[in-house]
Structures are given as structure tokens and as C-alpha cells.
Amino acid sequence: MKPVFFPIPKKRSPKNTQRISSESILHPGSYKQVYEYLVTYQYPYGLFPIYISYSLGDEDIIMSIGADSKQTAVTFVREHIRMLDGVDQSALYPVFRAKRFGTT
């Protein structure tokens, strides 16, 4: 599955951060290219990855994101994931019962 876990940025307040799950379905030939793009992408201030992994389920890549708002995550998926060659579908889901991933 090759999961990559990212450190939580120290200058971002977890109190105000929303955790969101992104799932993408890809053409088989695009797995590595999309995965590497997401792992090496320079995320803007209001958005950061928590983990990225290949999936063995219906989706091909899953990603957990911390965002300052749901709209920030929606914009990122629309402008930086869905437009990639090989991406068939992508969806966002809020994560409700997650434990805090940083101190308050």
C-alpha cells in the first residue's frame, strides 16, 4: 500500500483544522504518476497532507488532508487532482470521529 505519513505543520492550529478524506479512482497506468505528484506537491498554507496511500479497495489512492475549511479542500481536489491525466473520479468526505492529530 506504500503509505506516507507527513508531519503536522507546527504553525497551524489543529483547533481550527478540518480533517477530510480524499479518494481517487485512476487509470491503472497513472497510479505511480498521481501518487508521486501528491507526495511531492508543495501544499499551500491552508492545506496539508496527513497521509497518502495506495488502496486495496474500490478507490486507488486515499489521502487524509488537514484544511482550514472544506472549501480549501474542495478547491484543491478540483484544481489539482481532478485535472490530472489518468484521474477518473475523486471525492471528498469529512472525517468526524478522528482523534486530535496535534496538541491544543
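Structure shown above.
Residues numbered from 1 in each chain as written. Predicted model: local features only at pLDDT ≥ 70, side-chain atom pairs only at ≥ 80, totals over all residues. Heavy atoms only, no water.

1. Considering the overall build of the protein
Item 1. A count of helices and strands for the protein gives two helices and five strands.
Item 2. Ordering the α and β elements of the protein from the N terminus gives β-β-α-β-β-α-β.
Item 3. In the protein, buried positions account for 40% of the 104 residues.
Item 4. Taking contacts inside the protein between residues at least 6 apart in sequence as the whole, the part at least 24 apart equals 73%.
Item 5. Per element, the accessible surface of the protein, about 6600 Å² overall, is 53% carbon and sulfur. (Helix = DSSP H or I, 4+ residues; strand = E, 2+ residues; numbered from the N terminus. Buried < 20%, exposed > 50% of the residue type's maximum accessible area, 1.4 Å probe, protein only. Contact = heavy atoms within 4.5 Å. Areas by Shrake-Rupley, 256 points an atom, 1.4 Å probe, with all protein chains shown as cover.)

2. A word on the pairing of strand β4 (residues 61-67)
Item 1. Burial analysis of β4 places seven of its seven residues in the buried class, the great majority of the element.
Item 2. Here β4 shows a buried face lined by Ile-61, Met-63, Ile-65 and Ala-67 and a second buried face lined by Ile-62, Ser-64 and Gly-66.
Item 3. In this structure, strand β2 (residues 18-26) lies alongside β4, joined through seven bridges in antiparallel fashion. Along β4, the bridge assignment pairs Ile-20 with Ile-65.
Item 4. Pairing of strand β3 (residues 47-54) with β4 involves seven bridges; the strand directions are antiparallel. Within β4, the position partnered with Ile-52 by the bridge is Met-63.
Item 5. With antiparallel pairing between neighbouring strands as the criterion, β3 and β4 make up a hairpin whose turn holds six residues. (Pairing = 2+ DSSP bridges.)

3. Overview of the sheet that holds β2
Item 1. The five strands are arranged β1-β3-β4-β2-β5 in an open sheet whose pairing can be described as antiparallel. With one partner strand each, in any of the chains shown, β1 (4-5) and β5 (87-94) form the two edges of the open sheet.
Item 2. Together, β1, β2, β3, β4 and β5 form the strand contacts of helix α1 (residues 31-40), whose direction differs from that of β3 by roughly 150°. (Axes fitted to C-alpha atoms, helices over the stretch in contact; angles between N-to-C directions.)

4. With respect to the pattern of salt bridges
Side chains bearing opposite charge may pair, as long as their charged atoms lie close to each other.
Item 1. Summed over all chains, the structure comprises one salt bridge.
Item 2. Put simply, Lys-2 and Glu-36 hold a salt bridge, and the shortest N to O gap is 3.9 Å. Separated by 34 residues along the polypeptide, Lys-2 in the segment before β1 and Glu-36 in helix α1 bring together distant segments of the chain.
Item 3. In this structure Glu-36 comes out as partly exposed when scored by relative accessible area, which is 30%. (Salt bridge = Lys/Arg side-chain N within 4 Å of Asp/Glu carboxyl O.)

5. Some words on the side chain of Ser-53
Item 1. Take Ser-53: it is sitting in strand β3.
Item 2. In this structure Ser-53 comes out as buried when scored by relative accessible area, which is 3%.
Item 3. Apart from the residues within four sequence positions on either side, Ser-53 is in contact with Met-1, Lys-2, Pro-3, Tyr-35, Asp-60, Ile-61 and Ile-62.

6. Observations concerning the nonpolar core
Item 1. Grouped together as the largest cluster of nonpolar side chains are 22 residues, with contacts concentrated most on Val-34, Leu-38, Tyr-43, Ile-52, Ile-61, Met-63 and Phe-76.
Item 2. Setting aside residues no more than four positions away along its own chain, Ile-61 makes contact with Ser-22, Glu-23, Ser-24, Leu-26, Tyr-31, Val-34, Tyr-35, Leu-38, Ile-52, Ser-53, Tyr-54 and Ser-55. (Core = buried A, V, L, I, M, F, W, Y, C linked by side-chain atoms within 4.5 Å.)

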